[in-house]
Amino acid sequence: MKQLTGTAETHGDRRRTELSVRPAWTGPRLWILVWRKMGSVQSSRGGAGQPVWNRTLLGWHIVFWVLLGMTLALSFSGGLGTTRQIVFAGTVVLLGVAYQFIGLPATRSRRTVPSYVYRLVLIASLMVLIGLYSQSVFLMFIASAQIWLLCEDVREGIGFSLLLVIGVGTAQLWNAGWGWSAFWEILPWMLVSLVVSLLFGIWIEKVITQSQQRAELIEQLESARDELAEAHHSAGVMAERERMAREIHDTLAQGMTSIVMLSQAAAAELAQGGGAGAAARLAAIEDTARENLAEARALVAAFTPVALSEATLTEVLRRQAERFAAETGVDVQVELDLPDDEVAALPQAQQVVLLRSAQEALANVRKHAAATQVLITLGLADNGVWIEIRDDGSGFTPGSESSGFGLNAMRGRVEESGGSVEVESAPGRGTRVQVLIPAVQEDV
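Residues numbered from 1 in each chain as written. Predicted model: local features only at pLDDT ≥ 70, side-chain atom pairs only at ≥ 80, totals over all residues. Heavy atoms only, no water.

### Digging into the sheet that holds strand S5 (residues 384-391)
The strands making up a sheet associate through hydrogen bonds between their backbones, and the pairing can be parallel or antiparallel. In spatial order, the strands read S3-S4-S5-S7-S6; together these five strands make up an open sheet with mixed pairing. Looking at strand neighbours, the two that pair on one side only are strand S3 (331-336) and strand S6 (420-425), the edges of this open sheet. Adjacent strand axes in the sheet meet at a mean angle of 10°, parallel and antiparallel pairs treated alike. The sheet contact formed by S5 and strand S7 (residues 431-438) spans eight bridges and is antiparallel. Its bridge partner being in S7, Glu388 is matched across the sheet by Gln434. The strands touched by helix H10 (residues 313-328) are S3, strand S4 (373-381) and S5; relative to S3, the strand with the most contacts, the crossing angle is about 165°. Contacts between helix H12 (residues 348-369) and the sheet are confined to S4, S5 and S7, with S5 contributing the most and set at about 10° to the helix. (Pairing = 2+ DSSP bridges. Helix = DSSP H or I, 4+ residues; strand = E, 2+ residues; numbered from the N terminus. Axes fitted to C-alpha atoms, helices over the stretch in contact; angles between N-to-C directions. Contact = heavy atoms within 4.5 Å.)

Set out below in structure tokens:
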């Protein structure tokens, strides 16, 4: 009775299934060896893109030569005559040469003609060896494996497996003397070996096909993951650009606007002979320029405003109000609806959003409102902290601000922190801007 064993291997993108038929008396070691080889097979390429078979080919190379050497050694104790022994040894040498110079290169090159030539030589050699010495049948273990390795598809593997079993069975029948008793004894083994070998080989081929499909799916998922990561990266870059644009608009751009207005006022006073007023304007220009320089350095190092790193939010708002009043002549008041210590206890992220919102609202008052009074109120509600900037200027029609960067930037900053912006205005009736930030806010 014979047993089946097999292994699966990969060459490039094509999976190979290998089967072998061996006699039971060869023991479990070859069976364990084959399944260890199956366990070592992976669906991916390694190293310099070589198939897994090529990375494990040395082991199979050793197995082939060991089995071939064992066969030759056992033949000397098998009682063969001199002529048969010479033919047997010559066939072993022929098979070894064919393997070394045809079969082994064919496993790497996948060339059709060498693979066909080697398999035909392999089957013919096994027929001679088994016909001369029946114990050589255990060479079918490595022969079947090599046949399936060199096959391009299942049909080719079935054809060569059938040819191998028929050839070996014929050799055994010749060795037994062509008797009907020997034929009926060998026939069941041939049929069982062929059916089981083919079913096992086809099953392995299907398993490998499914594994290949999974590998393709994994490759697609990895590609989708890379595309998603690239999309996230692009979105992050755009978000960071928008954030930098808001920071520059709320600090440097507004500071430059103040410098321009102060310079124009100083020039007008100089033209009218007001030296003292012009000197005060120049001093204000210097202070504003220094603050802008500090803000620019802070933007390079981090995003926390320089003013908040040196004072509380309340103090910074009052300084902003005093400077705005000095620059524009508008009366600006700051009121608190919560204790100053609670303002100082607010998270830094919340303070930055509140300060930038106030700065943007004041910038809009400067550019568009033509107001005479501005009231900045900071308070604490049940659902968060809020700041309100109200002016008595010319106002505008709600919705028309969508074309401007200022309020849009304010909305973007506040919404990133989870807050909301409410704008109330009407032509000739002033404007009220209220920013509400959630009570619990760790990150902006």
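The rest of the description comes next.
### Quick word on the pattern of salt bridges
Following the criterion strictly, the structure yields six salt bridges and no others. When the shortest N-O distance is used, the salt bridge between Glu388 and Arg432 registers 2.8 Å. Linking Glu388 in strand S5 with Arg432 in strand S7, this pair joins segments that are 44 residues apart in sequence. A relative accessible area of 9% places Arg432 in the buried class. Through salt bridges with shared partners, a single network forms among Glu388, Arg390, Glu422, Glu424 and Arg432. (Salt bridge = Lys/Arg side-chain N within 4 Å of Asp/Glu carboxyl O. Buried < 20%, exposed > 50% of the residue type's maximum accessible area, 1.4 Å probe, protein only.)

### What about the packing of aromatic side chains?
The final tally for this structure, using the stated rule, is six aromatic pairs. Ring centres 5.3 Å apart and planes at 75° place the aromatic pair Phe64 and Trp65 in the edge-to-face group. For Phe64, a relative accessible area of 1% gives the class buried. Taking the centre distance of 4.0 Å and the plane angle of 25° together, the rings of Phe64 and Tyr99 count as stacked. One end of the pair, Phe64, is in helix H2 (residues 52-76); the other, Tyr99, is in helix H3 (residues 82-109), with 35 residues separating them in the sequence. This pair shows no difference in class: Phe64 is buried, exactly as Tyr99 is. (Phe/Tyr/Trp six-rings, centres within 6.5 Å; stacked < 30°, edge-to-face > 60°.)

### Details of a negative patch on the surface
The grouping of Glu315, Asp340, Asp341 and Glu342 at the surface amounts to a negative patch. Examining the composition of the negative patch, we find that three residues originate from one element, helix H11 (residues 340-345), more than from any other. Among the secondary structure elements, Asp341 is positioned in helix H11. Looking at Asp341, the relative accessible area reads 56%, which means it is exposed. (Patch = residues over 30% accessible without salt bridge, like charges linked within 9 Å, V, L, I, M, F, W, Y side chains within 5 Å. Areas by Shrake-Rupley, 256 points an atom, 1.4 Å probe, with all protein chains shown as cover. Lys, Arg positive; Asp, Glu negative; His and termini not counted. Charge placed at Lys NZ, Arg CZ, Asp CG, Glu CD.)

### So, helix H4 (residues 112-132)
In this model, H4 (21 residues) spans 30 Å end to end at C-alpha, consistent with the 30 Å of a helix rising 1.5 Å per residue. Of the residues making up H4, those classed as buried are Pro114, Ser115, Tyr118, Arg119, Leu122, Ile123, Ser125, Leu126, Leu129, Ile130, Gly131 and Leu132. (Expected span 1.5 Å × (residues − 1).)

Purely spatial values, then, with no claim about function.
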